[in-house]
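# Structural characterization, general
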Amino acid sequence: MGAFLNVERSLTGRRWVGPDIEIARHAEAMAQATGLPAPLCNVLAKRGVAPENADAFLAPTLKDLLPDPRSLRDMEKATARILAAVKARQKIAIFADYDVDGGTSAALIIDWLRHFDQSATLYVPDRIDEGYGPNDEAMSMLASTHDLIICVDCGTLSHGPIAAAKAADVVVLDHHLGGETLPPALAVVNPNRADETGDLAHLCAAGVVFLMLVEAGRQLREDGAQGPNLLNMLDLVALGTVADVAPLIGVNRALVRQGLTVMGRRERVGITALADVSRMDTAPSSYHLGFLLGPRVNAGGRIGKADLGARLLSTRDPHEASAMAERLDMLNTERRDIENQVRAAALEQAEERGFDAPLVWAAGEGWHPGVVGIVASRLKDAAHRPSIVIGFDGNAGKGSGRSISGVDLGAAIQRLAHEGLIEKGGGHKMAAGLSLSRAQLEPAMARLSELMAKQGAGDAGPADLRLDGGMLMPGAAQVELIEQIEQAGPFGAGAPAPRFAFPDVEIRFAKRVGESHLKVTFGDGLGARLEAICFGAMDTPLGPALENHNGQRFHLAGRLEVNSWGGRQSPQLRLEDAAPA
């Protein structure tokens, strides 16, 4: 099949692929059967929704989509132990990961415990001093002063540290890839345990914690008692789900859709303070969660105080929330500066090594462990290969990796650990972390490259850019059209918004925004104009080509969104790619 609009190689090096003919046929049939707008039917057809299920898909409810929490192994046992601790007023500690999923998971439990007038000790390990997950010293210390330790978003592979917590019971609520054996915890609730069906593998830790709270509500009702209203906590679940890049499919759609509604009420002082410092002036969307709120919550764990995000999300004090949000905003700015320095060095090193190998990697002395994951993501995008970035402090290296679709990086990293080629490591299909020594670096990367090649990573050319929305003219991109499409949302990982091509347009205006972004106005020569924003444009060939267009006409590609400014709404293209017309 020929390239869409004959674009074999765009300005970002990608081949454009048009809408799938079969899906277009389904969309047409759906429009006739349901009377729904054609662009909306296009999205529904791509998701595999049958015409008779369209209404249910467009209004996802927890009543229809929430699974029975007891379908997860150890769920009843874990919940019963947590409730027993609440009833006996035992001392509870929460050991949480330092990212958004860990922070929201911890905040969910802290919030829930308040209903019973109980508190918990929050422990979040320092990324640099302690690294990811439970460690022997921390678990032993917590066990000496607590009856129950709840590990959230971590713990599935922590055999030694959980064994070190002899004096307390340990419950694990996690979603990371499990190993062949489970740690010696009282209960391990994890949809990605080796002995699970995988039906709920798309849940993040906050989703698993929410299911535990649903099960707790059931057990409380059996005893004639009542728990808090869990629907009011869905803002935390939505934030954890989107920020952890969990696919927005199945129950995750309902959790995020309803969580955004709860967030819009501005009742949680921590999220409200964060939204205000992020200058969020419209109703929250999955974009805001992933790109404005999430990075700021993460900034504490990356380069600041590890528990700052979880504390902000669980506080009830508006003044404390405001101060913590300001601090996280400052840390996020600092994180961006550090990231830019590491990214430049890592890209240079990786380019020298070559972007055509099955694995792209870079390592450097003093690279901050808090930004190596973000930089790995940038390398992965640039090379369309699985990528690893490692920061060394003397002989000790801590790294993070990001993968491409169809290549399981987490399992490969686990295999390296099993083979003794790295000190430890694990993660998901799409993201993983590892620790290793300098002597292990070259052999480990060579072996990982082999494992990536076996999964076909070296065969991937630049990713095709699929224009599943087809062609659109600037005059047709109206707010009404965007709102119709958004009915099929929320959009995000695993459920992208449709991407449109605007053919043969002229650039009327192009101006840099900040250091690397570009604002563009384009038209079709018939009087219609549309504004576009391209983030990071000046870091790619896209920015300079559009900025210095010299009257050349282009095909533009991207996703539509509503831009709200000064109380006015207008359509805007989030520009992703372009090619000379």
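What this report covers is the structure whose coordinates are included nearby.

As a further point, take the packing of aromatic side chains. The final tally for this structure, using the stated rule, is four aromatic pairs. When the ring of Phe 95 is compared with that of Tyr 123, the centres are 5.2 Å apart and the planes differ by 25 degrees; the resulting orientation is stacked. One end of the pair, Phe 95, is in strand E2 (residues 92–96); the other, Tyr 123, is in strand E3 (residues 121–123), with 28 residues separating them in the sequence. Judged by relative accessible area, Phe 95 falls into the buried class, the value being 0%. Judged by relative accessible area, which is 18%, Tyr 123 ranks as buried. Judged by centre distance (4.9 Å) and plane angle (70 degrees), the ring pair of Trp 112 and Phe 116 falls under edge-to-face.

Let us look at the pairing of strand E14 (residues 500–513). In the sheet, strand E13 (residues 470–471) pairs with E14 via two bridges, with the strands oriented parallel. Within E14, the residue paired with Gly 470 across the bridge is Phe 500. Relative to strand E17 (residues 553–565), E14 is paired through five bridges, and the arrangement is antiparallel. Note that in E17 the partner of Phe 500 across the bridge is Gly 558. Bridge count between E14 and strand E15 (residues 517–523): seven bridges; the pairing is antiparallel. Along E15, the bridge assignment pairs Lys 511 with Lys 519. The turn joining E14 and E15, which pair antiparallel and follow one another in sequence, is formed by three residues; a positive phi near 65 degrees is taken by Gly 514.

All chains considered together, the criterion is met by zero disulfides. The closest cysteine sulfur to the non-disulfide-bonded Cys 151 is located on Cys 154, 5.0 Å from its own sulfur. For Cys 154, a relative accessible area of 0% puts it in the buried group.

This next bit is on the environment of Tyr 132. Among the secondary structure elements, Tyr 132 is positioned in the loop between E3 and helix H7 (136–145). In this structure, the C-alpha to C-alpha distance between Tyr 132 and Ala 96, residues 36 residues apart in sequence, is 9.6 Å. With residues near it in sequence (within four places) discarded, Tyr 132 still touches Asp 97, Tyr 98, Asp 153, Cys 154, Asp 174, His 176 and Lys 424. Within polar-contact distance, the side chain of Tyr 132 engages the backbone oxygen of Asp 153 at 3.0 Å. Within the structure, Tyr 132 has its side chain in polar contact with the side chain of His 176 (distance 3.2 Å).

This part covers the sheet that holds strand E11 (residues 431–437). Within the open sheet, the five strands sit side by side as E7-E8-E9-E11-E10. Their pairing is mixed. Both outer strands of the open sheet, strand E7 (360–365) and strand E10 (424–427), are each paired with one neighbouring strand and no more. Direction aside, neighbouring strands of the sheet carry axes that sit 15 degrees apart on average. With seven bridges connecting them, strand E9 (residues 396–402) and E11 associate as antiparallel partners. Note on E11: the bridge partner recorded for Gly 399 is Leu 434. Along the sheet face, helix H17 (residues 409–418) touches strand E8 (387–393), E9, E10 and E11 and points at about 160 degrees away from the line of E10. Across the face of the sheet, helix H18 (residues 438–454) comes into contact with E7, E8 and E11 while running at roughly 140 degrees to E11.

Basis of the calculations
Along every chain, residues carry numbers that run from 1 in the direction the sequence is written. Only residues with pLDDT of at least 70 are given local features in this predicted model, and only at 80 or more are side-chain atom pairs given and counted; all residues enter the totals for whole chains, interfaces and linings. For side-chain calculations, the full set of non-hydrogen atoms in the structure is used, while hydrogens and water are omitted. Ring geometry is summarised as follows: Phe, Tyr and Trp rings, the Trp one being its six-membered ring, pair when their centres sit within 6.5 Å, and such pairs are stacked at plane angles under 30 degrees, edge-to-face over 60 and tilted between the two. Helix numbering and strand numbering both begin at the N terminus, where a helix is a DSSP run of H or I of at least 4 residues and a strand a DSSP run of E of at least 2. When accessible area is computed with a 1.4 Å probe and restricted to protein chains, residues below 20% of their type maximum are described as buried, those above 50% as exposed, and intermediate ones as partly exposed. A pair of strands counts as paired when DSSP detects no fewer than two bridges linking them. Working definition: a disulfide is two cysteine sulfur atoms within 2.5 Å of each other. Contacts: residue pairs with any heavy atoms within 4.5 Å of one another. Each polar contact in these results corresponds to two N or O atoms within 3.5 Å; when the atoms are within protein, one needs to be able to donate a hydrogen and the other to accept it, and residues that are neighboring in sequence are counted only if both atoms are side-chain atoms. Geometry is summarised by axes, namely lines fitted to C-alpha atoms with helices restricted to the contacting stretch, and by angles between N-to-C directions that run from 0 to 180 degrees.

Distances and angles like these do not, on their own, reveal function.
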